[in-house]
Amino acid sequence: MLLDSLLTKEKILILGDVNFHFDRPQDNDVKRLIEALDSRGLCQLIDKPTHRIGHILDWVIIRAPSESLVKSAVVEDFLLSDHFVQSLVTDLSRPRRRKTSVLCRNLKKVDLNAFREDLLQSKLLLDPPTDVDELAELYNQT
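As the structure is a prediction and not an experimental result, all values here were calculated from the model. (Residues numbered from 1 in each chain as written. Predicted model: local features only at pLDDT ≥ 70, side-chain atom pairs only at ≥ 80, totals over all residues. Heavy atoms only, no water.)

## Comments concerning the overall build of the chain
And then number 1: The secondary structure content of the chain amounts to five helices and five strands.
And then number 2: Here the C-alpha radius of gyration of the chain, 29 Å, is well above what a compact globule of 142 residues would show, namely 14 Å.
And then number 3: Dimensions of the chain, computed from the C-alpha atoms along their principal axes, are close to 80 × 35 × 30 Å.
And then number 4: When burial is assessed residue by residue, the chain has 21% of its 142 residues classed as buried.
And then number 5: Contacts in the chain between residues far apart in sequence, at least 24 positions, make up 49% of those at least 6 positions apart. (Helix = DSSP H or I, 4+ residues; strand = E, 2+ residues; numbered from the N terminus. Rg over C-alpha atoms; globule rule 2.2 N^0.38 Å. Buried < 20%, exposed > 50% of the residue type's maximum accessible area, 1.4 Å probe, protein only. Contact = heavy atoms within 4.5 Å.)

Structure follows, in structure tokens:
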């Protein structure tokens, strides 16, 4: 099950508009879902309607109520759509930026005439090998 594969993660935060009426615990499908979440130590934080018609369709699921990953979750109707806005305050930090070096040629500075002459004088055009591996190597070197 998808939930089981997520349990290996240190912190779990599942967000989404799932169009599944979480506010109807008497519904068999909802009951099974709640049992699946409970048995894995997961819980739904949103307990107020998230849709204009009155159902909880949007989820914020975390590992346990005691997990400090989400400090607060608020549902507000800004009259933007039929779904309400969920605002979360989380304990997530932005990952560190990785520094990467990229080497590239400035193709705008290439003298095309000189490049053409160099290619015409190269072994690649004047005396190409018949062996495909040697040809590939010469192509890479040229």
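The rest of the description comes next.
## Points about helix α2 (residues 28-39)
And then number 1: The first and last C-alpha atoms of α2 sit 16 Å apart over twelve residues, in line with the 16 Å expected at 1.5 Å per residue.
And then number 2: Among the residues of α2, those classed as buried are Val30, Leu33, Ala36 and Leu37. Seen along its axis, α2 keeps its buried residues to an arc of 120°; they face one direction. More than 90 degrees from the buried face of α2, the exposed residues found are Asn28, Arg32, Asp38 and Ser39.
And then number 3: Taken together, the buried residues of α2 touch α1 (2-6) and β3 (58-62). (Expected span 1.5 Å × (residues − 1). Arc of directions from axis to C-beta.)

## Description of the packing of aromatic side chains
And then number 1: All told, the structure shown has two aromatic pairs when counted by the stated rule.
And then number 2: Look at Phe20 and Trp59: their rings are 6.1 Å apart centre to centre, the planes differ by 90°, and that puts the pair in the edge-to-face class. Of this pair, Phe20 sits in the loop between β1 (13-17) and α2 while Trp59 sits in strand β3; the two residues are 39 residues apart in sequence, bridging distant segments of the chain.
And then number 3: When its relative accessible area of 11% is taken as the criterion, Trp59 is described as buried. (Phe/Tyr/Trp six-rings, centres within 6.5 Å; stacked < 30°, edge-to-face > 60°.)

## A few points about the domain arrangement of the chain
And then number 1: Entries for the chain in the domain assignment read domain 1 (1-90) and domain 2 (108-141).
And then number 2: Its C-alpha centre places domain 1 at a distance of 61 Å from the equivalent point of domain 2. (Domains from an automatic or database assignment.)

## Thoughts on the pattern of salt bridges
And then number 1: Summed over the entire model, instances satisfying the criterion amount to three salt bridges.
And then number 2: Salt-bridge contacts for Asp29 lead to Arg32; the nearest nitrogen and oxygen are separated by 3.2 Å. On the criterion of helical spacing, the pair formed by Asp29 and Arg32 is a turn pair, its members being three residues apart in helix α2. (Salt bridge = Lys/Arg side-chain N within 4 Å of Asp/Glu carboxyl O.)

## Let's talk about a nonpolar patch on the surface
And then number 1: Together, Leu107, Val110, Leu112 and Phe115 give the surface a local cluster of nonpolar side chains, amounting to about 410 Å² of exposed area.
And then number 2: Tracing the backbone shows Val110 in the loop between β5 (85-90) and α3 (112-120). (Patch = residues over 30% accessible without salt bridge, like charges linked within 9 Å, V, L, I, M, F, W, Y side chains within 5 Å. Areas by Shrake-Rupley, 256 points an atom, 1.4 Å probe, with all protein chains shown as cover.)

## A few points about unusual backbone geometry
Peptide bonds are trans in most cases, and residues, glycine excluded, mostly fall at negative phi.
And then number 1: Of note in the backbone geometry, Leu79 takes a positive phi value of approximately 60° without being a glycine.
And then number 2: Tracing the backbone through its elements, the reader meets Leu79 in the loop between β4 (70-76) and β5.

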